[in-house]
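# Fold and geometry: a report
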Amino acid sequence: MKPNIIFLTIDSLRLDRIFTKNKSAMIPNIEKLIDSGIFFDHAISTSDATGLSLGSIFASMYPFKSGITHYKWNSKIHNCFDVLKNNNYTLFSTVPDVSFFLKQTSKFDFNHHYTYDKRENWKQLTGGIGETIIDDLKSHEKFQPWFHLIHLMDLHGPFYLPLEFDKEEFGKTKYDRMISYIDTWIGKILQIVDSSNTILIISADHGDYIPLHENLNEIKIPSFLKKSKKFLPLNMTDRILDKIQTTKRSIKIKKLEKNLSSYQLRTLHERAGEFLFDELIRIPLIISGINLPNMKISNLVRQVDIFPTLFDLIQINNTLDSIDGRSLMPLIKNDSLNEEPAYIESGARTHRELGQVIGFRTSTHKYVRSRNSPKENVQLYDLKNDPDEKFNLALSNTKLVNEMETTLQKIRGDLNEDLPDNYSDSETKEIENELRKLGYI
C-alpha cells in the first residue's frame, strides 16, 4: 500500500522565523519534524503571490508556461493531483473558499472550503478549521491511500491571535506568536497521524514583510461608513474604505521615514511590488514520516521540484509533461546534483496587469529586473557577502548583469514577452467580487 500524504502549506510563512537567529516563536512540533525528517533550508518560492507560487508547486511548472495565476487555474494542464488520482489516491482538501482554491480542488473527492473574508468573517484554526482537520484525518482510514491538502490563512494579516498566545513568551511579534499558535495544531495532527505510513510535507506559498510597526494596517472603520452600508452599494463603500486606508497608511509611513534606515523602511512595503527580497521568497520545506532519514539539505531547491521528489519517494511514475521541476532524490541519497537557478516573479494587485518584476535566484546571487524591459529596475545582489540585500550591484557590475540576463532568457525560452489574460465581462465581475471579498479593492 502506498503511504498516505498530508501536504500542509502555511500562507506567508518565512524560513527565517522558524530557523535562524530571527526565530522567536515557540515551535516544539515544527522543530521535532525538522529533527526527525528532511529539512530543506534553502527552498525558494516562485513568487510573492499565492496563486503563482502554489500553481508552480502543483503543476511543477513556472507561471509563464502553465498560465496559472492567482486569478486563473488552468484545468487543461495535467497536474500533480491528476497523477495521484491516477494512482488510486483519494483526494481531500481543507482550503479557503476563494476561486483559485475552488477551481484547484474541483476534481478532489472531498473538500472543506472554509470561509475566508478579510472584512467580516475570518474563520481559521481557532474558529473551527482546526477541529475540522482533525476530524477529517481521523475518518480517512477507509480511503487509503489518501492525500490531504491543507492551506492555512492564519499567518496572513490581519492577525486574529488567541489572547493566551499574545504574549512575549510566544514571540517578539504577532506574526511570531501566530506561528507558535499554529505549531500547537501541528502537534495535534502529529498525535493522530501514523508516521510509519504517512508523509507529512510542510511548506509555504511565499513569505511576507513583517512591519516594525504592526498597527500600520489597522485602520478603524469610520462610523459613517458602517452606517452607509445600509444604503450604498458594497463596492462603493469598499472603495471609500480602501482610499481611507491607503491615505492613512501613507501618512503613517511618511512620519516613520525620518527615523528608519532603508532596511527598516522596506518592512513597511507590501507584496506584489517591485522587489523580491528573501523575506518574500525564502520558505521552509520539511518532508517527514515513513522512516525518512533525518538530514538538513542546504542546496538551493525550488517549489517546482517538490512533487517530482514526492513521486520518487512514494515510487509512482511521474507522468507530467514538459515540467520545470526535477526530483531531489539524489540530494536525499547524498549524491551530487547540479544547481538549477530558481525563477522568480512578483505578483500583481489586480487581474488586469502582471507583476512588475521577474528574475531568478541562485545560492550566491539574485537578479531581478522589470518584466517589460531588461534595462529598467535592474537589481543584482551578492547574497554571500550581502545576505540582507542592502547593496544593489547592478550599476557597478554590468558584465555580471549581462550574464544574468542571458540566463534569465534561457529559463524563459521563447516566452520573453508576457501578455495579460483577456477576461470576459462575467469573469471580470467574478474576479472583482473576489478581490473585494479579500479586501484588495
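Just so it is clear, the structure is predicted and the values come from calculations on it, not from any experiment.

## Quick look at the overall build of the protein chain
A tally of regular secondary structure across the protein chain gives 15 helices and 13 strands. Relative to its 441 residues, the protein chain shows a buried fraction of 55%. Here the protein chain has roughly 20300 Å² of accessible surface; of this, 48% comes from carbon and sulfur atoms.

## Observations regarding unusual backbone geometry
Excluding glycine, residues mostly carry a negative phi; peptide bonds, for their part, are mostly trans. The linkage connecting Gln144 with the following residue, Pro145, adopts the cis geometry, with an omega of -5 degrees. Among the secondary structure elements, Pro145 is positioned in the loop between helix H6 (129–138) and strand E5 (146–152). For Ser12, which is not glycine, the phi torsion reads 75 degrees and is therefore positive. In this fold, Ser12 is placed in the loop between strand E1 (4–10) and helix H1 (28–36). Residue classification places Ser12 among the buried positions, given a relative accessible area of 0%. For Ala272, which is not glycine, the phi torsion reads 65 degrees and is therefore positive. Examined against the element boundaries, Ala272 turns out to sit in the loop between helix H10 (262–265) and helix H11 (278–281).

## Quick word on H1
Turning to H1, its buried residues number three or more, namely Asn29, Ile30, Leu33 and Ile34. Considered in projection along H1, the buried side chains sweep an arc of 145 degrees and stay on one side of the axis. Away from its buried face by more than 90 degrees, H1 exposes Lys32 and Asp35. Turning to H1, the residues buried within the fold contact strand E2 (38–44), helix H7 (174–192), strand E6 (198–203) and strand E7 (282–289).

## Focus on the packing of aromatic side chains
Here a ring pair, both rings aromatic, is described through the centre-centre distance and the interplanar angle of the planes. In total, this model carries 26 aromatic pairs according to the counting rule given. Measuring from centroid to centroid gives 5.5 Å for Phe7 and Phe58, while their planes differ by 65 degrees, and the two rings are edge-to-face. Of this pair, Phe7 sits in strand E1 while Phe58 sits in helix H2 (residues 50–59), and the two are 51 residues apart along the sequence. The two residues Phe7 and Phe58 agree in class, both being buried.

## Looking at the environment of Ile199
As for its placement among the helices and strands, Ile199 is situated in strand E6. According to the relative accessible area criterion, Ile199 is buried, its value standing at 0%. When the C-alpha positions of Ile199 and Ile6 are compared, they lie 6.3 Å apart, and in sequence the two are 193 residues distant. Beyond its immediate stretch of four places on either side in the chain, Ile199 contacts Pro3, Asn4, Ile5, Ile6, Ile287, Ser288, Ile290, Leu310, Leu313 and Ile314.

## Brief notes about the packing of H1 against H7
Relative to each other, H1 and H7 sit at 55 degrees, their axes nearing to 7 Å. On the basis of their axis angle, the class for H1 and H7 is oblique. Residues Pro28, Asn29, Ile30 and Leu33 of H1 lie in contact with H7, whose contacting residues are Asp183, Thr184, Ile186, Gly187 and Leu190. Among the residues making up the contact of H1 with H7, the classes are represented as five nonpolar, three polar and one charged.

## A short note on the packing of H6 against H7
Running from N to C, H6 and H7 cross one another at 15 degrees; their axes reach a closest spacing of 10 Å. When the interaxial angle is binned, H6 and H7 end up roughly parallel. Judged by the sense of rotation from one axis to the other, the crossing of H6 with H7 is right-handed. From H6, Gly130, Glu131, Ile133, Ile134, Leu137 and Lys138 reach across to H7, where they touch Trp185, Lys188, Ile189 and Ile192. When the residues that make up the contact of H6 with H7 are grouped by side-chain class, the tally is six nonpolar, one polar and three charged.

## Quick word on the nonpolar core
Ranked by size, the top nonpolar core spans 89 residues in total, and within it Leu84, Phe147 and Phe307 carry the most contacts. In terms of residue count, H7 provides more of this core than any other element does, eight residues in total. Residues Val304, Tyr343, Leu380 and Leu408 belong to the second largest nonpolar core, which totals 14 residues.

## Some details on the pairing of strand E3 (residues 90–96)
Counting buried positions over the seven residues of E3 gives seven, a clear majority of the element. For E3 and E5, the ladder comprises five bridges, and the chain directions are parallel. Looking across to E5, one finds that Ser93 is bridged to Leu149. Pairing between E3 and strand E4 (residues 110–114): five bridges, direction parallel. If you follow Phe92 over to E4, its bridge partner there is Phe110. Viewed along the sheet, the connection from E3 through helix H5 (residues 99–104) into E4 turns out right-handed.

Rules and cut-offs
Counting starts from 1 at the beginning of each chain's written sequence and moves along it residue by residue. Side-chain atom pairs in this predicted model are given and counted only at pLDDT of 80 or more, local residue features only at pLDDT of at least 70, and totals for whole chains, interfaces and linings cover all residues. Side-chain descriptors were evaluated using all non-hydrogen atoms of the structure, hydrogens and water having been removed beforehand. Under the DSSP-based scheme used, a helix requires at least four consecutive residues in state H or I and a strand at least two consecutive residues in state E, with every element numbered from the N terminus. Burial classes follow relative accessibility: with a 1.4 Å probe on protein chains only, a residue under 20% of its type's maximum area counts as buried, one over 50% as exposed, and anything between as partly exposed. Residue-level accessible areas treat just the shown protein chains as cover; the underlying method is Shrake-Rupley with a 1.4 Å probe. By arc we mean the arc of the directions from the helix axis to the C-beta atoms, nothing more. Every residue pair with non-hydrogen atoms within 4.5 Å of one another is taken to be in contact. In this scheme Phe, Tyr and Trp rings, the latter by its six-membered ring, pair at centre separations within 6.5 Å, and the angle between planes marks the pair as stacked below 30 degrees, edge-to-face above 60, and tilted otherwise. Lines fitted to C-alpha atoms define the axes, with helix axes restricted to the stretch in contact, and inter-axis angles between N-to-C directions lie between 0 and 180 degrees. Orientation is classified from the angle alone, with under 35 degrees giving roughly parallel, over 145 giving roughly antiparallel, 65 to 115 giving roughly perpendicular, and any other angle giving oblique. Just so you know the grouping, Ala, Val, Leu, Ile, Met, Phe, Trp, Tyr, Cys and Pro go in nonpolar, Asp, Glu, Lys and Arg go in charged, and all remaining residues, Gly too, go in polar. Left-handed is the label given to a crossing in which the near helix is rotated counterclockwise from the far helix by less than a right angle, and right-handed is the label when the rotation is clockwise. Among buried residues, the Ala, Val, Leu, Ile, Met, Phe, Trp, Tyr and Cys ones that are joined through side-chain atoms within 4.5 Å form a nonpolar core. In this analysis, strands are considered paired if DSSP registers two or more bridges between them. The path from the first strand over the helix to the second decides the hand: if it runs clockwise while the strands point away from the viewer, the crossover is right-handed.

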